[in-house]
Each structure stands twice: as structure tokens, then as C-alpha cells.
Amino acid sequence: MHKPVSGHILIVDDSEYNRLLLERQLTRRGHTVLTAGSGLQGLTYARQQRFDLIVLDLMMPEMDGRAVLAALKRDPQLRHIPVIIVSALDEIDDVVHCIEAGAEDYLTKPINTTLLYAKIDSCLERKRLRDQEQAYLMAMRYELELARRTQADFLPATLPSITNWHIAAKLVSAREMAGDFYDVFHLSDQRWMVLVGDVCDKGVGAALFMALTRTLLRAFAEQAVAIHHNDPLQAVMMTNEYIARHHHGSRTFSTIFCAVIDTSNGTMSYINAGHPPPYIFRSAGGIETLEPTGPAVGWIGNARFTVGTTLLEVGDSLFAYTDGGIEARAVDGTLFGEERLLATVTVNYRNGALHLEAITQAILDYSGRQLPDDDITLLAVCRLGSVE
């Protein structure tokens, strides 16, 4: 036989006889009971102690059950406590009002012992399940926050300060954890690698895949420079092969723009692995797009990636982004789009630098949301002056 859930119960009733009767019945049932002779005293006890259930008489002088219930539901610390209303048979309209106001159940006088036990057990069982659910959700929120902080460690805490260059990045995640990523790190001499990536999924799975992809890219790039003296862009190909070989069953992939910039002379080599084409804003006028030079990373094994090259002159700026920006939707469903993004970036290109905060806010304002539907990541590399 299922053992009933025991609880700490508060009885609020101005009738001493009713209080004593209910206290005796519930104590025999294994509950701990506290009684209050008025609505005001009941509220005081509820604020001082933790109760699993309140049995509340409807008709009381000075402060009746409806007023007590309303006060309980207004209090964030007390509103979760289930309340059973006790009323006379001719007070059914008031009982309906209390149920609409948040009471869990009701009993009519004279109280039937079998119904009393059944309703008490039912309320306490539902509360136990709700408490377990809340505890689980709190644990999940804690785990997600811990994971969010861990994931944040994979992104640069600060971006490098390089003479006559300006590097900026902005990431706004749609959820606790992002599938977008970016990185900027030193390779050798005056060469730096910059990259922006977007995992095809969202949530925890995408975040884990993001961490794997970003770690492989950095590790293979640094290995190529330190050991083999090969082109660090081979990191894209090596990452693709590793993921295609070991994680082919997940069908998860990343679009990635990865570039190696020599800050001594502005030369840049890059691979665009299925990523939205970055822009280069030329100081002499005009905008250049860097189209894809290979498929998304992790999609197919033995993929071919072509290396593109260009030169960042003094005053030129590279702008890379993920598709969360161009796929932001207005209330009517219209996409922000590449044309609107390009116009927004152009407006916010001042004094040789791109103002990413303003660009991001323009995207969010367009969608009318504080958080995007998809992660938004922006990366800008601006050459401000010649290197002596």
C-alpha cells in the first residue's frame, strides 16, 4: 500500500473546536500541525515557518479566508504553498472565487474524514512533485550556468592590441550556450590567425561541438607552425578530417571563416568553409566579398579547400559575421538580410574602425527582441596605419 506523504500543515480557523479536531486527525495521519485562530495570525505563522500546506477557513472575522488567500498569493515567498479552503455548503460562490484566485482544493463542513485525508494526500503529493521539478530545474540552471562559464573560457578574454591595427568582436547568444565562436591568436613573427565559426545546431550539443571545433582549429594551427612549419590554414582541413572521421554519425558541421594576417605588411590568406562571405571595406572605395572556398567543416571527408589571398591596405577593414545577423526577422517576418547588414555596417564604419556594438543593436532593434533567435557574432579587423 502506498504510504501517504507527510507534511508540515498550518490550520487557520477561528473555531477552536475545528482547529483541535483537524489537528488531532492530521497528527494521527503523521503530519506536523500548527494552528492559528485568525487570518492575521495565520499569515504571521506562514511568514515565519515553512509549510507544505495550509487548511484555511473561509468565514472568519476581521480577515476572512479570501483576504488571507489573496495575501498569500501576492507574496513571492508564500504563493507556492497549496491552500485548501474550508467552507459551508452555502458558500460555494466564494469557494469558486478562491479556486480562481489560486486555492488548490476545497472541503465543505462538516468535514468528511475520508475526503480530508484524500485531499490532503493529493495536495501534498502534487507539491512534492512540484518541489522535485523545481529542484531539478534549479540544478539544470546551475549546470547550464557552469557550462556557459566554461564555454566562455574558450573565447578570448581580451583581444590583442597590435600597433596600427584594431581588432574587435561581439557575440550575442540566443540561449545560455552558443554555437557561434570566434578566436584571434598569435602564430609566429607578426602573423595572427582570426576565425569566426557557426555550428549548424543550437543548444548544449552545438556548444560542445563548438568547443571541439575551436580547440582543434587552434591546436592544429599552432602545431603546423611550431612543428611542421606548414601553412596554418591546413588546420581547417585537418579539423574537417578529424570530425568527418570521428563524428560522422552526428551530422553536425560548422561554417568557418579562417584567415592568417601578417600585420607587418597586411597580406592575408584565408579559407572560407561554407561561411557567409565576409566583406573588405577598401579605403580607396568599394567593398570586396570573400566567397566560400570550400564546404562546411565536418560535412564530408576528403573535402577540398582552396586558399584565397588578398591584401589589407592602410585604412581597409575586414568584417566577418555569422548568419544570425542576416536571418534576424522583423515582426512581419522580413529578414534583416545581407543588403541591410551591409548598409548598417557602412553607416557604422567611422575613423577607420567598425563599431560592432551599434551594428549588433541595430539587428536586435530590427527584430524587436532583446535576445536573437540565433546567435549573432561579428568580427572586425581594421588596418589603421603603416607599420614602421
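Before any of the text, the structure's been laid out above.
Residues numbered from 1 in each chain as written. Predicted model: local features only at pLDDT ≥ 70, side-chain atom pairs only at ≥ 80, totals over all residues. Heavy atoms only, no water.

Participant: Would you take a moment to explain the overall build of the chain for this structure?
Facilitator: Helix and strand counts for the chain come out as 10 helices and 17 strands. Taking 21 Å as the expected radius of gyration for a compact globule of 388 residues, we find that the chain reaches 32 Å, considerably beyond that expectation. Dimensions of the chain, computed from C-alpha atoms along their principal axes, come out at roughly 95 × 45 × 35 Å. Contacts in the chain between residues far apart in sequence, at least 24 positions, make up 67% of those at least 6 positions apart. (Helix = DSSP H or I, 4+ residues; strand = E, 2+ residues; numbered from the N terminus. Rg over C-alpha atoms; globule rule 2.2 N^0.38 Å. Contact = heavy atoms within 4.5 Å.)

Participant: I would appreciate a short explanation of the sheet that holds strand β3 (residues 53-57) in the present structure.
Facilitator: Backbone hydrogen bonds hold the strands of a sheet together, and the pairing may be parallel or antiparallel. If you walk across this open sheet you meet the 5 strands as β2-β1-β3-β4-β5, and the pairing is parallel. Two strands in the sheet have a free side with no partner beyond their single neighbour: β2 (32-36) and β5 (105-108). For this sheet, the mean angle separating the axes of adjacent strands, direction not counted, is 20°. Both strand β1 (residues 8-12) and β3 contribute to a ladder of 4 bridges, which runs parallel. Residue Leu10 lies in a different strand from β3, and its bridge partner there is Ile54. In the packing of helix α1 (residues 16-28) onto the sheet, contacts are made with β1, β2 and β3, and the angle to β2 comes to roughly 170°. (Pairing = 2+ DSSP bridges. Axes fitted to C-alpha atoms, helices over the stretch in contact; angles between N-to-C directions.)

Participant: Just to check I follow, could you spell out the packing of helix α2 (residues 39-48) against helix α3 (residues 65-74) for this structure?
Facilitator: The geometry of a pair of packed helices is captured by two quantities: the angle between their axes and the separation between those axes. Interhelical geometry of α2 versus α3 gives an angle of 20° and a closest axis separation of 9 Å. Considering the angle they form, α2 stands roughly parallel to α3. The two elements α2 and α3 meet at a crossing, and its hand is right-handed. Across the interface between the two elements, Gly39, Leu43 and Ala46 from α2 touch Val68, Ala71 and Leu72 from α3. Here the residues of the contact of α2 with α3 are counted per class, giving 5 nonpolar, 1 polar and no charged. (Parallel < 35°, antiparallel > 145°, perpendicular 65-115°, else oblique. Left-handed = near helix turned anticlockwise from the far one by under 90°. Nonpolar A, V, L, I, M, F, W, Y, C, P; charged D, E, K, R; others polar.)

Participant: It is not clear to me how the sheet that holds strand β13 (residues 308-311) should be interpreted in this structure. Could you clarify?
Facilitator: Sheet architecture is open: 5 strands sit in the order β7-β8-β9-β10-β13, paired in antiparallel fashion. Edge positions in the open sheet fall to β7 (180-188) and β13, since each of these has one partner strand only. Along the sheet, successive strands turn relative to each other by an average axial angle of 20°, direction set aside. Bridge analysis of strand β9 (residues 254-262) against strand β10 (residues 267-273) gives 6 bridges, and the strand direction is antiparallel. Paired with Phe257 across the two strands is Asn272, which belongs to β10.

Participant: Explanation requested: the environment of Asp75 in the structure shown.
Facilitator: You can see Asp75 is positioned in the loop between α3 and β4 (83-87). Exposure remark for Asp75: the relative accessible area of 17% places this residue in the buried category. Sequence spacing of Asp75 and Trp192 is 117 residues, and the spatial spacing of their C-alpha atoms is 56 Å. Here the side chain of Asp75 touches Gln77 through a polar contact of 2.8 Å, landing on its backbone nitrogen. (Buried < 20%, exposed > 50% of the residue type's maximum accessible area, 1.4 Å probe, protein only. Polar contact = N/O pair within 3.5 Å; in protein donor to acceptor, adjacent residues only side chain to side chain.)

Participant: How do you make sense of helix α7 (residues 234-246) when you look at a structure like this?
Facilitator: Taking 1.5 Å of rise per residue, the 13 residues of α7 would be expected to cover 18 Å, and the 18 Å separating its terminal C-alpha atoms lies within 8% of that figure. Taken as a whole, α7 has its buried residues at Ala235, Val236, Thr239, Asn240, Ile243 and Ala244. Projection of α7 onto a plane perpendicular to its axis shows the buried side chains occupying an angular sector of 160°, all on one side. (Expected span 1.5 Å × (residues − 1). Arc of directions from axis to C-beta.)

Participant: Got a minute to help me understand the packing of aromatic side chains in this structure?
Facilitator: Remark: the centre distance and the inter-plane angle together describe each pair of aromatic rings, the angle taken between the planes. Scanning the model with the defined rule gives 6 aromatic pairs in all. Taking the centre distance of 5.0 Å and the plane angle of 75° together, the rings of Phe253 and Trp299 count as edge-to-face. Of this pair, Phe253 sits in the loop between α7 and β9 while Trp299 sits in the loop between β12 (287-289) and β13; the two residues are 46 residues apart in sequence, bridging distant segments of the chain. Exposure remark for Phe253: the relative accessible area of 22% places this residue in the partly exposed category. (Phe/Tyr/Trp six-rings, centres within 6.5 Å; stacked < 30°, edge-to-face > 60°.)

Participant: Which parts of the structure should I look at to understand the nonpolar core?
Facilitator: Within soluble globular proteins, side chains that are nonpolar tend to cluster in buried spots. Judged by nonpolar contacts, the single largest core of 48 residues is most densely connected at Met193, Val236, Phe257 and Met268. In terms of residues, this core owes the most to one element, helix α6 (residues 203-228), which gives 9 residues. Among the nonpolar cores identified, the runner-up in size contains 21 residues, and Leu10, Val12, Ala46 and Ile54 belong to it. (Core = buried A, V, L, I, M, F, W, Y, C linked by side-chain atoms within 4.5 Å.)

Participant: Can you help me understand the environment of Gln41 in this one?
Facilitator: Position of Gln41 relative to the elements: it lies in helix α2. Taking the C-alpha atoms as reference points, Gln41 and Val12, separated by 29 residues in sequence, lie 8.2 Å from one another. Of the polar contacts made by the side chain of Gln41, one reaches the backbone nitrogen of Gly37; its length is 2.7 Å.

Participant: What is the right way to look at the pairing of β9 in this model?
Facilitator: In the case of a regular strand, side chains alternate between the two sheet surfaces. Among the 9 residues that make up β9, 9 are buried, leaving the element largely enclosed by the rest of the structure. Where strand β8 (residues 191-199) lies against β9, 9 bridges are found, and the strand directions are antiparallel. Bridged to Met193 within β9 is Val260.

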